[in-house]
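One letter stands for each residue in the lines below.
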Amino acid sequence: MESAPGPAEEAAAARLAPYTPLCVIACQDSGDPLAHALSRRFGLPANGAGAPRLGTYARGRGAEYTVDTVSRSGRRHVTAVRRLHTRRQGLRSVHGHTSLIAPDHGPAPALIGYAHEVLDALGIDHGPAHVRILLTAAGPALLHASPRLGDRVLPGYDDVCLGANQADLTALAYLAPHEFLDRWAGRTYAKLCEAQVVDAAADAHGAVDGTLARLDRAVADEIAALPSVYCLDTRPLPGGVRPVAYTLHASRLQLQRDRRRIRQLLSRAAGTGR
């Protein structure tokens, strides 16, 4: 028996009703229960009732990956598989960058198959999904899964790297489901170039939790001019600036060179207070 709607659901429903919504999607994990309730309320495609409460944290060491998908009626398109690279900073691990891997390379097929099993078990049959997986010696283990867009989705950049992007495919799955099912379901992305998303200040000397107090315009311009940098996100946050560099290139070596140069520049900027 479902509980009575709460004040948050009533208020959100009243605001959404005039727009005749076609879907309700959470932007953060905390919004999953409300998105599920509103989808049911408006008679929209909704994921299983168990989907809002996700999170089985695996124990043990291994490489960490993410698998992003878009679904309609249980049929999916895999939009990206990425490896998360971390660095030790004192007693904690700091997320440094993610790298795109080809869907048929190395552990990707096993990770994709495991992500499908997870999403099927959780009843995530519609819209976007983001799955984090730890690849252990015993095989894939679930870290987290959620019916939302993946981290760092940037449509233009993703189109160049993958041939499509999760945001636009999510819209297509809801607005034109037959087209999505015919053209995209049952397929995977293509890795069109080497691509890394760099949390640029994650290990810069002087940065606090990957955040700089400020970023000098000259430093930002020098980073943006590097050969592999597609876009540098320097939007301000409550604690300062957390620069994110979206990089792509035919050469993985060029990405590595530019990533080192970015960190050199930001470490210098953080150390001098620029």
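Preceding block: the structure.
Residues numbered from 1 in each chain as written. Predicted model: local features only at pLDDT ≥ 70, side-chain atom pairs only at ≥ 80, totals over all residues. Heavy atoms only, no water.

## Side note on the overall build of the protein chain
The helix and strand tally for the protein chain stands at eight helices and 10 strands. Here the protein chain holds 274 residues, and the buried ones make up 49% of them. With the model as given, the accessible surface of the protein chain reaches about 14,000 Å², and the carbon-plus-sulfur share is 53%. (Helix = DSSP H or I, 4+ residues; strand = E, 2+ residues; numbered from the N terminus. Buried < 20%, exposed > 50% of the residue type's maximum accessible area, 1.4 Å probe, protein only. Areas by Shrake-Rupley, 256 points an atom, 1.4 Å probe, with all protein chains shown as cover.)

## Some points on helix H2 (residues 32-41)
Taken residue by residue, H2 has Asp32, Ala35, His36, Leu38 and Ser39 as its buried positions. Summarising the axial view, the buried residues of H2 lie within an arc of 170 degrees, below the 170-degree limit, and thus occupy one face. Tucked into the core, H2 has its buried residues touching helix H1 (7-16) and strand E5 (139-146). After H2 finishes, the residue Gly43 shows a positive phi value of roughly 70 degrees. (Arc of directions from axis to C-beta. Contact = heavy atoms within 4.5 Å.)

## So, the state of the cysteines
Enumeration according to the criterion identifies zero disulfides in this entry. Cys161 supplies the cysteine sulfur nearest to Cys193, a cysteine that is in no disulfide, at a spacing of 4.1 Å. (Disulfide = S-S within 2.5 Å.)

## Section: the nonpolar core
If you look at the biggest cluster of nonpolar residues, it comprises 32 residues, and the most contacted ones within it are Val81 and Cys161. Contributions of two or more residues to this core are made by strand E1 (63-72), strand E2 (75-89), helix H3 (108-122), strand E4 (127-136), E5, helix H4 (155-162), strand E6 (194-199) and strand E10 (244-249). If one sorts the elements of this core by residue count, H3 sits on top with seven residues. What Cys161 contacts, discounting residues up to four positions off in sequence, is Leu100, Ala190, Lys191, Leu192, Cys193, Ala195 and Leu248. One finds Val198, Leu215, Val219 and Leu226 within the second-largest nonpolar core, a separate group that totals 17 residues. (Core = buried A, V, L, I, M, F, W, Y, C linked by side-chain atoms within 4.5 Å.)

## Brief notes about empty space enclosed by the protein
If a probe as big as a water molecule is rolled over the atoms, it shows which places are left empty. Counting across every chain of the model gives two cavities of 30 Å³ or more. Each pocket or cavity is described by its volume, and for the largest cavity that value is around 170 Å³. Lining the largest cavity are 17 residues, with Val24, Ala35, His36, Asn47 and Pro147 sitting closest to its centre. No other element matches the four residues that H2 contributes to the lining of the largest cavity. When its residues are assigned to classes, the lining of the largest cavity shows 11 nonpolar, five polar and one charged. If you add up the space inside the second largest cavity, you get close to 50 Å³. (1 Å grid on protein atoms, 1.4 Å probe; cavity = no way out; pocket = protein on both sides within 12 Å on 5 of 7 lines; lining within 4 Å. Points joined across faces, edges and corners; volume = space filled by probe spheres on them. Nonpolar A, V, L, I, M, F, W, Y, C, P; charged D, E, K, R; others polar.)

## As for the pattern of salt bridges
Between side chains of opposite charge, a pair can form when the charged atoms approach closely. Using the criterion set out here, one finds 15 salt bridges in the structure. Note that Asp158 and Arg82 form a salt bridge whose closest N and O atoms lie 3.5 Å from each other. Here Asp158 is found in helix H4, whereas its partner Arg82 is found in strand E2, with 76 residues between them in sequence. Of the residues examined, Asp158 reaches a relative accessible area of 3% and is grouped as buried. We note a salt bridge from Glu194 to Lys191, for which the minimum N-O separation is 3.1 Å. The class of Lys191 is partly exposed, set by a relative accessible area of 24%. Put simply, Glu9, Glu10 and Arg41 are held in one network by salt bridges that share partners. (Salt bridge = Lys/Arg side-chain N within 4 Å of Asp/Glu carboxyl O.)

## A few points about the packing of H1 against H2
Running from amino to carboxyl end, H1 crosses H2 at an angle of 55 degrees, the nearest separation of the two axes being 10 Å. With respect to each other, H1 and H2 are oriented oblique. Relative to H2, H1 is oriented so that their crossing is right-handed. Residues Ala8, Glu9, Glu10, Ala12, Ala13 and Leu16 of H1 touch H2, and the partners they reach there are Leu34, Ala37, Leu38 and Arg41. Taken together, the residues of the contact of H1 with H2 sort by class into seven nonpolar, no polar and three charged. (Axes fitted to C-alpha atoms, helices over the stretch in contact; angles between N-to-C directions. Parallel < 35°, antiparallel > 145°, perpendicular 65-115°, else oblique. Left-handed = near helix turned anticlockwise from the far one by under 90°.)

## What about the packing of aromatic side chains?
Enumeration over the complete set of coordinates arrives at two aromatic pairs. On the basis of an interplanar angle of 55 degrees and a centroid distance of 5.5 Å, the ring pair of Tyr157 and Tyr230 is categorised as tilted. With Tyr157 in helix H4 and Tyr230 in strand E7 (residues 229-233), the pair connects residues that are 73 residues apart, well separated along the chain. Take Tyr157: its relative accessible area is 1%, and that puts it in the buried class. What makes Tyr230 partly exposed here is its relative accessible area of 41%. Following the ring pairs from residue to residue traces out a cluster consisting of Tyr157, Tyr230 and Tyr246. (Phe/Tyr/Trp six-rings, centres within 6.5 Å; stacked < 30°, edge-to-face > 60°.)

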